[in-house]
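Structure at a glance
Listed here are the chains, written in short residue letters.
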Amino acid sequence: VAQWQGLVEELEITGARIASLDLGRLEWYGIVDDTLAIYSWMIGEQDIEWYHDVHCSFQTRKPLIEA
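In this text the structure is predicted, and so the values were computed from the model without any measurement.

Conventions adopted
- Residues numbered from 1 in each chain as written.
- Predicted model: local features only at pLDDT ≥ 70, side-chain atom pairs only at ≥ 80, totals over all residues.
- Heavy atoms only, no water.
- Helix = DSSP H or I, 4+ residues; strand = E, 2+ residues; numbered from the N terminus.
- Buried < 20%, exposed > 50% of the residue type's maximum accessible area, 1.4 Å probe, protein only.
- Contact = heavy atoms within 4.5 Å.
- Areas by Shrake-Rupley, 256 points an atom, 1.4 Å probe, with all protein chains shown as cover.
- Polar contact = N/O pair within 3.5 Å; in protein donor to acceptor, adjacent residues only side chain to side chain.

**A look at the overall build of the protein chain**
Scanning the protein chain from terminus to terminus reveals one helix and five strands. The principal-axis extents of the C-alpha atoms in the protein chain amount to approximately 40 × 25 × 20 Å. Here the protein chain, with 67 residues, has 27% of them falling under the buried criterion. Considering only residue pairs separated by 6 or more positions, the protein chain has 9% of its internal contacts joining residues 24 or more positions apart. Counting only carbon and sulfur atoms, one obtains 54% of the accessible surface of the protein chain, whose full area is about 5,000 Å².

So this is what it looks like as structure tokens:
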């Protein structure tokens, strides 16, 4: 557990956070169209291609390509 906590702390120093261990999902703040947003990435995705509004959930993700 201590080793896992250390890894989480190292990750969170970068500004990212583990949003879901089950799905292997990471999230961090960014800017989309001059508005604060949350970028998200999940295991199996090739690149960082999704974001959602800071007041919405992961289920409302939108593709960055359209942003």
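**Focus: the side chain of His52**
In this fold, His52 is placed in strand β4 (residues 50-53). Residue His52 is classed as buried on the basis of its relative accessible area of 2%. A distance of 3.2 Å separates polar atoms of two side chains, one belonging to His52 and the other to Glu27.

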